[in-house]
Amino acid sequence: MAGESLLECSHTVPAIVKMNQKITHCRCNVWVLIFIVILLGSTSIWHSGDTVRQLTSSEAGSLEPEVRIALPQNKHGSGDTCLSIPEQDRFDCYPERDRVVTRKLCEQRGCCFAQDINDSSGVPWCFYPPNFPSYILGNRTPTELGEAGELTRKNKTYYPRDILKLQLNVMFETDHRLHIKINDSSNPRYEVPIEVPRAAKKATSPLYTVEYSEDPFGIVVRRRSTGTVLLNTTVAPLFFADQFLQISTSLPSAYLYGLGEHRAAFLHSVQWNTLTFWARDTPPQESINLYGVHPFYLSLEPDGKSHGVFLLNSNAMDVALQPTPALTWRTIGGILDFYIFMGPDPNSVIQQYLEVIGLPSMVSAWGLGFHLCRWGYESSNATWEVVKQMRKAGMPQDAQWNDIDYMTGYRDFTFDPKNFASLPQLVADLHSHGQQYVMILDPGISSSQPPGSYWPYDEGLKREVFITDTSGSPLIGKVWPGLTAFPDFTNPDTHQWWFENLLQFHKAVPFDGLWIDMNEPSNFVEGSESGCPSNELENPPFVPGVLGGHLRSKTICASVKQKISTHYNVHSLYGLMEAKASASALMKIRKKRPFVISRSTFPSQGKYSGHWLGDNRSQWKDMYFSIPGILNFNMFGIPLVGADMCGFGGSTTEEMCVRWMQLGAFYPFSRNHNSQNEKAQDPTAFSESAQAAMKRALLTRYSLLPFLYTLFHHSHIWGETVARALFFEFPEDRNTYSIDRQFLWGRSLLITPVLEPGASSVTAYFPRGVWYDFYTGSPLVSTGEFIKLPAPLDTINLHLREGEIIVTQEPATTTWVSSGNPLHLLVALSQNTSAKGCLFWDDGESLDTYERNNYTCVEFTTDKNELTSKLLHVNVEATYIKVDTVSVFGVNFQPSKVIVNGSPVPFSHSSNQVLIVDKLHLPLEKEFYISWS
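Here we summarise the structure given alongside this text. (Residues numbered from 1 in each chain as written. Predicted model: local features only at pLDDT ≥ 70, side-chain atom pairs only at ≥ 80, totals over all residues. Heavy atoms only, no water.)

**Describing the overall build of the chain**
- On a plain count of helices and strands, the chain comes out with 18 helices and 53 strands.
- Against the compact-globule benchmark of 30 Å for 933 residues, the chain has a radius of gyration of 29 Å, which places it among compact chains.
- The principal-axis extent of the C-alpha atoms belonging to the chain is close to 85 × 80 × 55 Å.
- Counting all 933 residues of the chain, 63% fall into the buried class.
- Looking at the chain as shown, the accessible area adds up to about 32,700 Å², and 51% of this sits on carbon and sulfur atoms.
- Positive and negative charge centroids in the chain, built from 76 and 94 side chains respectively, lie 2 Å apart. (Helix = DSSP H or I, 4+ residues; strand = E, 2+ residues; numbered from the N terminus. Rg over C-alpha atoms; globule rule 2.2 N^0.38 Å. Buried < 20%, exposed > 50% of the residue type's maximum accessible area, 1.4 Å probe, protein only. Areas by Shrake-Rupley, 256 points an atom, 1.4 Å probe, with all protein chains shown as cover. Lys, Arg positive; Asp, Glu negative; His and termini not counted. Charge placed at Lys NZ, Arg CZ, Asp CG, Glu CD.)

**Points about the pairing of strand β9 (residues 177-184)**
- Among the 8 residues that make up β9, 8 are buried, leaving the element largely enclosed by the rest of the structure.
- The antiparallel pairing of strand β8 (residues 165-174) with β9 creates a hairpin that spans 2 residues between the two strands.
- Both β9 and strand β21 (residues 336-341) contribute to a ladder of 6 bridges, which runs antiparallel. Residue pairing in the sheet places Arg177 in a bridge with Phe341 of β21. (Pairing = 2+ DSSP bridges.)

**Looking at helix α15 (residues 688-703)**
- Spanning 16 residues, α15 covers 22 Å between terminal C-alpha atoms, matching the ideal 22 Å at 1.5 Å per step.
- Every buried residue of α15 is accounted for by Ala690, Gln691, Ala693, Met694, Ala697, Leu698, Thr700, Arg701, Tyr702 and Ser703. (Expected span 1.5 Å × (residues − 1).)

**Focus: a nonpolar patch on the surface**
- A surface patch of nonpolar side chains, amounting to about 260 Å² of accessible area, comprises Tyr410, Trp480 and Phe524.
- Residue placement: Trp480 occurs in the loop between β26 (476-479) and β27 (482-485). (Patch = residues over 30% accessible without salt bridge, like charges linked within 9 Å, V, L, I, M, F, W, Y side chains within 5 Å. Salt bridge = Lys/Arg side-chain N within 4 Å of Asp/Glu carboxyl O.)

**Points about unusual backbone geometry**
- In this model, Asp215 is joined to Pro216 through a cis peptide bond whose omega is 0°.
- Checked against the element boundaries, Pro216 lands in the loop between β10 (208-213) and β11 (218-223).
- Residue Glu520 is joined to Pro521 through a cis peptide bond whose omega torsion reads 0°.
- With respect to the helices, strands and loops of the structure, Pro521 is situated in the loop between β28 (513-516) and α11 (567-570).
- In this structure, Glu464 takes a positive phi of about 60° despite not being glycine.
- Residue Glu464 is classed as exposed on the basis of its relative accessible area of 64%.

**Some details on the packing of helix α9 (residues 455-463) against helix α10 (residues 492-508)**
- The interhelical angle for the contact between α9 and α10, taken along N-to-C directions, is 160°, at an axis separation of 11 Å. One finds that α9 runs roughly antiparallel with respect to α10. When you trace α9 past α10, the crossing you get is right-handed. Between α9, through Trp455, Pro456, Glu459, Gly460 and Arg463, and α10, the contact on the second element is made entirely by Gln496, Trp497, Glu500, Asn501 and Gln504.
- Considering only residue class, the contact of α9 with α10 consists of 3 nonpolar, 4 polar and 3 charged. (Axes fitted to C-alpha atoms, helices over the stretch in contact; angles between N-to-C directions. Parallel < 35°, antiparallel > 145°, perpendicular 65-115°, else oblique. Left-handed = near helix turned anticlockwise from the far one by under 90°. Contact = heavy atoms within 4.5 Å. Nonpolar A, V, L, I, M, F, W, Y, C, P; charged D, E, K, R; others polar.)

**Things to note about the pairing of strand β51 (residues 914-917)**
- Bridge analysis of strand β47 (residues 882-889) against β51 gives 4 bridges, and the strand direction is antiparallel. The partner of Ser887 across the bridge, within β51, is Ile916.
- In this antiparallel pair of consecutive strands, strand β50 (residues 908-909) and β51, the connection spans 4 residues, and Gln913 shows a positive phi of 70°.

**Observations regarding the sheet that holds β8**
- Overall, antiparallel pairing links the 8 strands, which are arranged β6-β7-β8-β9-β21-β18-β17-β15 in an open sheet. Looking at which strands have only one partner, the edges of the open sheet turn out to be β6 (136-142) and β15 (256-260). If you compare each strand with its neighbour and ignore which way they point, the axes differ by 15° on average.
- Taken together, the 4 bridges between strand β18 (residues 306-311) and β21 define a ladder with antiparallel strand orientation. Within the sheet, the bridge partner assigned to Phe310 lies in β21 and is Tyr339.
- Sheet strands touched by helix α6 (residues 346-357): β9, β17 (294-300), β18 and β21. Its angle to β18, the strand with the most contacts, is close to 25°.

**What to know about the environment of Val438**
- Along the chain, Val438 falls in strand β24 (residues 436-441).
- Along the backbone, Val438 and Gln88 are 350 residues apart, and their C-alpha atoms lie at a distance of 50 Å.
- What Val438 contacts, discounting residues up to four positions off in sequence, is Trp366, Gln400, Trp401, Asn402, Gly513, Leu514, Trp515 and Phe595.

**Some points on the pattern of salt bridges**
- Enumeration according to the criterion identifies 35 salt bridges in this entry.
- In this structure, the salt-bridge partner of Asp242 is Arg161, at a minimum N-O distance of 3.2 Å. Here the residue Asp242 occupies a position in the loop between β13 (239-241) and β14 (244-250), and Arg161 occupies one in the loop between β7 (146-152) and β8, the gap between them amounting to 81 residues.
- In this structure Arg161 comes out as partly exposed when scored by relative accessible area, which is 34%.
- Asp512 serves as the salt-bridge partner of Arg590, at 3.2 Å between the closest nitrogen and oxygen. Taken as a pair, Arg590 in helix α12 (residues 574-590) and Asp512 in the loop between α10 and β28 lie far apart in primary sequence, 78 residues in all.
- The class for Arg590 is buried, based on a relative accessible area of 13%.
- Overall, Asp512 belongs to the buried group, its relative accessible area being 4%.
- A single salt-bridge network, built from bridges that share partners, covers Asp281, Asp517, Glu520, Lys554, Arg599 and Asp615.

**Looking at the state of the cysteines**
- According to the stated counting rule, one finds 5 disulfides in the structure shown.
- Between the sulfur of Cys82 and that of Cys112 lies a disulfide, 2.1 Å long from S to S. Classification of the bridge connecting Cys82 and Cys112 rests on its S-S torsion, roughly -65°, and on that basis the disulfide is left-handed. Residue Cys82 is found in helix α4 (residues 79-84), and its partner Cys112 is found in strand β4 (residues 112-113); the two are separated by 30 residues along the sequence.
- The connectivity of the disulfide-linked cysteines in the chain, indexed sequentially, is 1-5, 2-4, 3-6, 7-8, 9-10.
- Cys373 takes part in no disulfide bond, and the closest cysteine sulfur, belonging to Cys646, lies 13 Å away.
- Its sulfur unpaired, Cys857 is 5.3 Å from the next cysteine sulfur, which belongs to Cys838. (Disulfide = S-S within 2.5 Å.)

**Side note on the sheet that holds strand β20 (residues 326-331)**
- In spatial order, the strands read β13-β14-β20-β19-β16; together these 5 strands make up an open sheet with antiparallel pairing. Since the sheet does not close on itself, it has two edges, and those belong to β13 and β16 (273-277), each with one partner. Direction aside, neighbouring strands of the sheet carry axes that sit 15° apart on average.
- In this sheet, β14 lies alongside β13 in antiparallel orientation, the contact comprising 3 bridges. Among the inter-strand pairings, Ala241 is bridged to a residue of β14, identified as Phe244.

**Brief notes about the environment of Ile85**
- Tracing the backbone through its elements, the reader meets Ile85 in the loop between α4 and α5 (103-108).
- Separated by 27 residues in the primary sequence, Ile85 and Cys112 place their C-alpha atoms 9.8 Å from one another.

**Examining the side chain of Ser887**
- Structurally, Ser887 is set in strand β47.
- The contact partners of Ser887, leaving out residues within four places of it in the chain, are His824, Leu825, Leu826, Val827, Leu915 and Ile916.

**Examining α6**
- Between its terminal C-alpha atoms α6 stretches 17 Å, which fits the 16 Å expected from 12 residues at 1.5 Å a residue.
- Along α6, 10 of the 12 residues are buried, which leaves the element largely enclosed by surrounding structure.
- Taken together, the buried positions of α6 are occupied by Pro346, Asn347, Ser348, Val349, Ile350, Gln352, Tyr353, Leu354, Val356 and Ile357.
- The N-cap residue of α6 is Asp345: its side-chain oxygen and the backbone nitrogen of Asn347 are 3.2 Å apart.
- One or two residues past the end of α6 sits Gly358, with phi positive at roughly 110°. (Polar contact = N/O pair within 3.5 Å; in protein donor to acceptor, adjacent residues only side chain to side chain.)

**Section: the packing of aromatic side chains**
- Evaluated as defined, the whole model comprises 58 aromatic pairs.
- Between Phe489 and Trp498, the ring centres sit 5.1 Å apart and the planes meet at 90°, which makes this aromatic pair edge-to-face. Trp498 shares its class with Phe489; the two are buried.
- In this structure, Lys388 packs its charged tip against the face of Trp384, placed 4.8 Å from the ring centre. (Phe/Tyr/Trp six-rings, centres within 6.5 Å; stacked < 30°, edge-to-face > 60°. Lys NZ or Arg CZ within 6 Å of the ring centre and 35° of its normal.)

**Section: the packing of α10 against α12**
- Here α10 crosses α12 at 45°, and the two axes come no closer than 9 Å. Judged on the interaxial angle alone, α12 and α10 are oblique. Once α10 is placed against α12, the crossing between them reads as right-handed. Contact residues: α10 offers His495, Gln496, Trp498, Phe499, Leu502, Leu503 and His506, while α12 offers Met577, Glu578, Lys580, Ala581, Ser582, Ala585, Lys588, Ile589 and Arg590.

Written as C-alpha cells, this is what we have:
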C-alpha cells in the first residue's frame, strides 16, 4: 500500500537510486519519505530506480539523522516543525560571524529560527528547514570511470552569483578510492594545481557503493561489506555560488581526526566546533587558523573500520562539526573535489591518501639527528662557542642553525660582515666534524635599498618574479627587513631566480639545509603598504573565521594576481610552492637529498619538506599539544615534523626542558630552538644532572636511528606513518581512540613522556599483549589497561611491542660517526615466540638510492627459538657494518646452548627472561641464523 502511493506521486516521491541502475523519471522530495519512514517505524521504504524494496531496520537506521526530521507545513516550516528538529541535527543557515542573527534576518533566508537561551552552547539559532531549495540531479550518463550527471537549481540562494547548472562526476578510480567532483558546467573555475593520479579504467571490485537522491540532490556512499554510511550529503542543502560553496555530510561516529593545521587534541570535538583553514602567521593557540591547510579527515566507524575524506580545495574555508555527528564543508572558491578512501584500517587510509597527494621524500640521515638553534646568538663566534660546548659535553648534535640575526639588515642571501664574519669558518668547522649547517630564509625580499645595491631585488624586478598589485608594480609589504616584495613561487621563472640566489650564497657559506619561515606569507601590515582595493575578493560575501576577520590580516592582498591565479585562490599554497623551489635548488646545488623545513604547508608538501609546529611557548601545555601535532602531520604525509623543544617563546625551567628534551628525542624532527632575550636552553646551559638526563635521551635516539631511518624509508616507499597514534595499530580497542599523550614509532616502540611538572610517575595505556621495557627487557603483560609507571627525571618510558624486531646501533655524537658503529638486534618475542623486523640501509644522503638499487634491505625473523636474517637486497654499504649483539626478550626458559651459523657461542640469560648474545661480528651483507635451546 505504501509502495503504491509512493509510485503514484508526481512531485513528492524520493528518488534515491543506486549507481548503474535505470534512472527514475519521478522527481521527489526526500523529506516526504522521511516523514513516511517516521510513521511506518521499522517498515521503511526505499525507492531504487523503477523498483521498491523494503529496507531492513539497520538500513533505515543508517540514514540518521534524516529520519528524525518532521515534515514541514509551509514555506519556512511551521514553528512546531522547526522546533521538532533536534538541536544536534540543526545545520547552520547563518554562519556569518560579523552580525547577531535575528528572526528577521534568518527568515529572510527562508530558514527556521529558534533562539538558544544558552549562547555558549553553539547550537545555531538559524537553521535549514527540511524543504529548503537545493539542486536537482538529472541527465545521468555512464562514463569510462563511473557516472556523470547534471545538477540544476531553480531557486536562487541568498549568496550572490549562484551557479544554477553544475556538472557532477563520480569516478570509481580504484577499488579503495572514490572521486567525486562538482563543478560549474559552463565556465572553468580555479582548481588546485597539484599533481594527482589519473585513473585509466573503472574499478572492478570497489569496496563502496554510491546511491543518489535526485530531488533534493544528495549522495550516499556506503561501505559495501558492512553497509555503513560513510558519506551522506542529503542531510542539508548544497550551495554552489561563485564565492560560497557548502556541502554537509553525516558521519558514522564522533571519532574524527585530521583537519589541520589547528592546535587541539588529536581527537576532534564534534560539539559545535568550527575549524578555519587559511594559512596564517600566529603563535599556536586553540580555536584559530594556523600556518598550514590540510582539508583531510580520518573517521572511525562503529565497528573500528576507518575511512578518509579529502577536499582538494585551497580557498579559505570553515569546517563545522556538530554532534549529529555531522560535518559541513564551507569554502569561498574553487570547486568541490572530493576523494574518499576506504581503508579499512587507519594505516591503509593514510597510504591511500598519499597515493593521491604524493609520497614523502626520503630524508637525509643527518636530518634525523639532533638540531640546535636560537634567535639571538648575535654572532657567529657565539654560535660557534655553543657548538664547542656541546662537543665538550659529549652531547649528540648533527646540525647547527642560525635564525635571522645572521643576516645583514635581515636581508635574505646576506650575512652580517661584522658580527657573523666568521660564519664561513664556522660552517667549515662543522663539516670537518661531520656536522651540518642550516640557515633561515624568509620570502619577503627587501625593497628599500638603493638600486644596484642588492642583487636579489634588482634581478627580481628585472625578471618580474614578484607579486604585483593592480598597477603592475611589485606589491610592497613590511616584514623583518622593512619594506619588502614577495616572490611569486607559482611562476617557474621565480624558481630559477631563487636557485641562482641560493647558489651564489652557497659559494660563500656552503649551507646544507634550508629553513623557510614566514611563508604564509606573513606581512606586518594588512595587505600592503598602500592597502588593498575594495572589491569582492578582498571582501567576499562570506568570510570564514580567519584570525583578524579579513583575508588580508597579516598577509598580502587577496585580490593581487599571481602567475596561475589570484592570491585569493593560491594563498595557502605559498609555503608549498616555496618548498618546491627550495628543494629543487638544493638538489641542483648539493647533488644530494634536500633538507627543507617549512612553516606553512599544504597537501603534497612532504614531497619537498618537513615542518616544525611554529612559535610555541615554554609551557607544559605546549609540550602536550606537540604530540597531536606530530601525529596529525604524519597523517598529512609530512613525517619529518617536530616542535621547538623547551619552547620558543618565554623562558623554560630546567625540569621542563629535561622533560621536553626527552620527548623531543622522539620527535621525527628533533630541534631545540628558542627566542632572543630569553635564557639559553641548549643542553649545556643546565646543571650536570640535567645535562646527563638530556644526553641519555639523545643517545637513546641515536641508538635507534637505524630503526627510525627504516621507518622513514617505509614512509617514502609505501606511505606509512613514522610517529603513529595507538589506535592506528589497535583500531578494535576503543580505549586508544582518544590517546594523544603517548605515541608509537611505527608499530613497534611505545613512547610515554612525562607532560606535567613535579611528576615522578606517569600513567600509560598498554593495549592487550606483552610490552617489554626497552631498557631492561622486562615484560609487562596487559589485558588492555592503564598502568602507573615510575618516571624519574632522568628517564622517559619506552616499551617494545611483542612480535617486533628492531635494529639499534652503538650511538655516537653524530650520525656520520654512528653509521660505522656495530648494530644490535632487539627481539621482542610474542606469546607464541615469534617476531619479525627489517632494516633499510644506504649511504644516508644520495638521491634515489632505493629507485637506483643502491641500498641494502635485510629481513629478520624469529620462529621456534631461531633467529634468521634474509637479504632482500644488498649493496656495498652493507660491507662496512656488522651485527655485534642480539638481545632476545621473553625467553622464558634457561637455554643450555646458543648456536650461531652452526657453531656454539657464549651467552647470558637473566632472570627477567632476556637472552643476550654478544661479540658476534656478523657481516650485515651475509645471511645468518642463531638458535637457542
